[in-house]
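# Close look at the chain arrangement
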Amino acid sequence: MYDYLIIGHGLAGAVLSQRLLERGKKIMVLDQPQDNHSSAVAAGIFNPITGRKMFKTWRADEFFPELLQFYPIFEQTLGAKFFHPMGVYRPYFAIEDQNDWEAKKADTKFDSYIAHASTTPIAAHQLHDPYGGLFLKQAGYVNIVKLLTANKKRLTDKGSYQEAMFNEKEVVRDSDHFVYGVLKFKKLIFCNGVKAQQSDWFDWLPFHPVKGEMIDIALEKRPDTIYNRGVFILPFENESLRVGSTYHHQYDNMEPTEAGQNELKQKLSGLLDETYQVTGSRAGIRPATKDRRPFIGKHPDNEHIYVFNGFGSKGVSLIPYCSKLFTAHLLDGEPLDAELDISRYYSHYSAKPKD
Ligand SMILES: Cc1cc2nc3c(=O)[nH]c(=O)nc-3n(C[C@H](O)[C@H](O)[C@H](O)COP(=O)(O)OP(=O)(O)OC[C@H]3O[C@@H](n4cnc5c(N)ncnc54)[C@H](O)[C@@H]3O)c2cc1C
């Protein structure tokens, strides 16, 4: 008998599996990998200061210390290298940004995220950065595909992973547990990304999926830091540089499009002052939510069915902290943080037509 059946082995399912195994739980993960699932195409960047106006990202002071601690330990557990701390150079758009920053810099809340600021160009050999910019720390990227490959191997070796499409209609309740084919388990956790919208259990949650596209490029001189202004340029392992991303709520399919690539090239021309070659493209759908907050917690009518989802465009920075809270909730009865708890949408469930 398994304690938990986890549906989905994207970043959410993988990290949660680690948290539950750490606590001695018996788990089974079912996943039907699709080339285009969000985790498989993500750049994997974590970056504490975002947006044109350079805002500290939501709850960075809680999420960033946790991710910086979590991923290196996960690397040791899995015997794989996928965590890459790396600075971000964020050139100013205009002289006003420089002035804004000069006014903000006395504010100590940015201290732990800014390595230094420059008022003169520092990457003029390949960027348009006439006003200088900010160097961010506590940033970098996770090679999510490597993490998933290593975790899948570990789970498979333990007999805790099956590549299979889960069909919730085939779950049967039997006194104090569930039965699914030959599997018996006590609790079910959905980490199924955008597919949650097709689940009878969680289709009432207000997801707001966002398609994202990226291109791969080759440059003569490879940067050793992430560049970010309007678009990012990420020196990804020893491969091409990744450039992204687009954000579109309207989409017909999960494939890269010419329009998406043109949008990225257009944005890139504002940042990069060097010729480049496009060597590839990729696209995926982010499991984003209307209120931009994750969806975590218990089904309103079934205390054994849970969701751990809705990490949108920031899975890498949100999932380590959220999985820690969720595990403490599941195993120690700790209350869930109200901003994360799906109980904020129980009224949507009540309003859902029942058959
Ligand atoms: C272009 C792009 C760039 C991105 N860049 C970044 C970035 O730089 N930094 C960052 O933090 N985030 C980024 N993201 C977002 C990031 O990918 C997500 O936050 C995160 O990976 C979501 O993980 P997940 O496990 O919740 O969902 P998913 O990765 O979608 O995983 C869900 C899994 O469940 C499986 N599944 C679904 N239904 C079933 C079923 N019935 N049976 C079996 N398996 C099932 C799916 O096949 C999949 O394997 C990006 C996303 C995109 C598209």
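Residues numbered from 1 in each chain as written. Predicted model: local features only at pLDDT ≥ 70, side-chain atom pairs only at ≥ 80, totals over all residues. Heavy atoms only, no water.

The protein chain has the name FAD-binding oxidoreductase in an unreviewed UniProt entry, where Reichenbachiella carrageenanivorans is given as its organism.

## Here we look at the pattern of salt bridges
Quick note on the threshold: By definition, a salt bridge exists where a carboxyl oxygen of Asp or Glu is found within 4 Å of a side-chain nitrogen of Lys or Arg. Numbering of helices and strands runs from the N terminus; a helix is a DSSP stretch of H or I covering at least four residues, while a strand is a stretch of E covering at least two. To sort residues, take the accessible area from a 1.4 Å probe on protein chains only and compare it with the maximum for the residue type: under 20% means buried, over 50% means exposed, and anything in between is partly exposed.
By the definition in use, this model includes 19 salt bridges. As a salt-bridge pair, Arg344 and Asp291 come within 2.8 Å of each other at their nearest N and O atoms. Residue Arg344 is located in the loop between helix H7 (315-332) and helix H8 (346-351), and its partner Asp291 is located in the loop between strand E19 (277-286) and strand E20 (295-299); the two are separated by 53 residues in the primary sequence. Accessibility expressed as a relative area gives 25% for Arg344, which makes it partly exposed. Salt bridges linked by common partners bring Arg59, Glu62, Arg293, Asp337 and Glu339 together as one network.

## Details of the site of the ligand
Here is the rule we go by: In these notes, residues near a molecule or strand are those with any non-hydrogen atom within 4 Å of it. Counted as a polar contact is a pair of N or O atoms within 3.5 Å, where, for protein atoms, one must be capable of donating a hydrogen and the other of accepting one, and residues adjacent in sequence contribute only when both atoms are in side chains. Surface exposure here means Shrake-Rupley accessible area, sampled with a 1.4 Å probe, where a residue is shielded only by the protein chains that are shown. Domain start and end points were adopted from an automatic or database domain assignment.
As a matter of local geometry, the ligand sits amid 36 residues, with Asp31, Gln32, Ser38, Ser39 and Gly312 nearest to it. In the model, an oxygen atom of the ligand is placed 3.1 Å from a nitrogen or oxygen of the Gly44 main chain. With respect to the ligand, the backbone of Val316 contributes an N or O atom lying 2.9 Å from an oxygen atom. In isolation the ligand exposes 1000 Å². Once the protein is present, 96% of that is buried. When residues of the shell around the ligand are assigned to their parent elements, the largest contribution, 3 residues, is made by helix H2 (residues 38-41). Split by domain, the shell around the ligand shows at least three residues from each of two domains, domain 1 (2-41 + 145-202 + 293-351) and domain 2 (210-286).

## Some points on the sheet that holds strand E16 (residues 226-228)
Quick note on the threshold: Strands were regarded as paired on the criterion that DSSP finds at least two bridges between them. Axis lines are fitted to C-alpha atoms, over the contacting stretch for helices. Their N-to-C directions set the angle, which ranges from 0 to 180 degrees. We call two residues contacting when some pair of their heavy atoms lies within 4.5 Å.
Pairing is mixed across the open sheet formed by 8 strands, whose spatial order is E8-E9-E7-E16-E17-E18-E15-E19. A strand with exactly one partner marks an edge of an open sheet, and here the two such strands are strand E8 (114-118) and E19. Going across the sheet, the axis of each strand differs from the next one's by a mean of 20°, ignoring polarity. As judged from the 4 bridges shared by E8 and strand E9 (residues 133-136), these two strands associate in the antiparallel manner. By the bridge assignment for E9, Ile114 is matched with Leu136. Across the face of the sheet, helix H6 (residues 258-271) comes into contact with strand E7 (88-91), strand E15 (210-218), E16, strand E17 (232-235), strand E18 (241-244) and E19 while running at roughly 60° to E15.

## Description of the pairing of strand E21 (residues 302-309)
Look at any regular strand and the pattern is simple: side chains alternate between the two faces of the sheet. Burial analysis of E21 places 7 of its 8 residues in the buried class, the great majority of the element. The pairing of strand E14 (residues 183-190) with E21 spans 3 bridges and is parallel. Counterpart to Ile189 in the pairing with E21 is Tyr306. Sheet topology places E20 next to E21; 5 bridges connect them, and they run antiparallel. In the sheet register, Phe295 faces E21, and the bridge partner there is Asn309. Following E20, the chain reverses through 2 residues before pairing antiparallel with E21.

## Focus on the environment of His249
Here His249 shows up in the loop between E18 and H6. In this structure, the C-alpha to C-alpha distance between His249 and Phe93, residues 156 residues apart in sequence, is 26 Å. Dropping the residues within four chain positions of it, His249 is found in contact with His208, Pro209 and Val210. At 3.4 Å, the side chain of His249 forms a polar contact with the side chain of His208. A polar contact is formed between the side chain of His249 and the backbone oxygen of Pro209, at a distance of 3.1 Å.

## Notes on the packing of helix H3 (residues 60-78) against H7
The condition that has to hold: Any angle between 65 and 115 degrees counts as roughly perpendicular, while under 35 counts as roughly parallel, over 145 as roughly antiparallel, and the rest as oblique. Classification convention: Asp, Glu, Lys, Arg as charged; Ala, Val, Leu, Ile, Met, Phe, Trp, Tyr, Cys, Pro as nonpolar; all other residues, Gly among them, as polar.
At a minimum axis separation of 8 Å, H3 and H7 run at an interaxial angle of 85°. The pairing of H3 with H7 is recorded here as roughly perpendicular in orientation. Only Gly315, Val316, Ser317, Leu318, Pro320, Tyr321 and Lys324 of H7 make contact with H3, whose side of the interface consists of Glu62, Phe63, Phe64, Glu66, Leu67, Phe70 and Tyr71. Each residue belonging to the contact of H3 with H7 can be placed in one class, and the counts come to 9 nonpolar, 2 polar and 3 charged.

## Focus on the packing of aromatic side chains
Here is the rule we go by: Planes of paired rings set the category: under 30 degrees apart is stacked, over 60 is edge-to-face and the rest tilted, where pairs are Phe, Tyr or Trp rings (Trp by its six-membered ring) whose centres lie within 6.5 Å.
In this structure the tally under the stated criterion is 26 aromatic pairs. For the ring pair Phe46 and Phe64, a centre distance of 6.4 Å and an interplane angle of 55° mean the geometry is tilted. Taken together, the residues Phe46 in strand E3 (residues 45-46) and Phe64 in helix H3 connect sequence positions 18 residues apart. Considered together, Phe46 and Phe64 belong to a single accessibility category, that of buried residues. Judged by centre distance (5.8 Å) and plane angle (50°), the rings of Phe190 and Trp201 are tilted. Taken together, the residues span a long stretch of sequence, with Phe190 in strand E14 and Trp201 in the loop between E14 and E15 at a distance of 11 residues. Through a chain of ring-to-ring contacts, three or more aromatic side chains come together here, namely Phe46, Phe64, Phe70, Tyr71, Phe74, Phe82, Phe83 and Tyr113.

## Considerations on the state of the cysteines
Inclusion rule: Count a disulfide wherever a pair of cysteine sulfur atoms falls within 2.5 Å.
For the structure shown, the criterion picks out 0 disulfides. This cysteine, Cys191, is not joined by any disulfide, and Cys322 carries the nearest cysteine sulfur, 12 Å off.

## A closer look at the sheet that holds E3
If you walk across this open sheet you meet the 3 strands as E3-E10-E6, and the pairing is antiparallel. Across the chains shown, the open sheet's two edge strands, defined by having one partner strand only, are E3 and strand E6 (83-85). Bridge count for E3 against strand E10 (residues 140-142) is 2 bridges, and the pairing is antiparallel. Considered in E10, the bridge of Phe46 is made with Gly140. This element, H3, spans E3, E6 and E10 of the sheet and lies at about 135° to E6.

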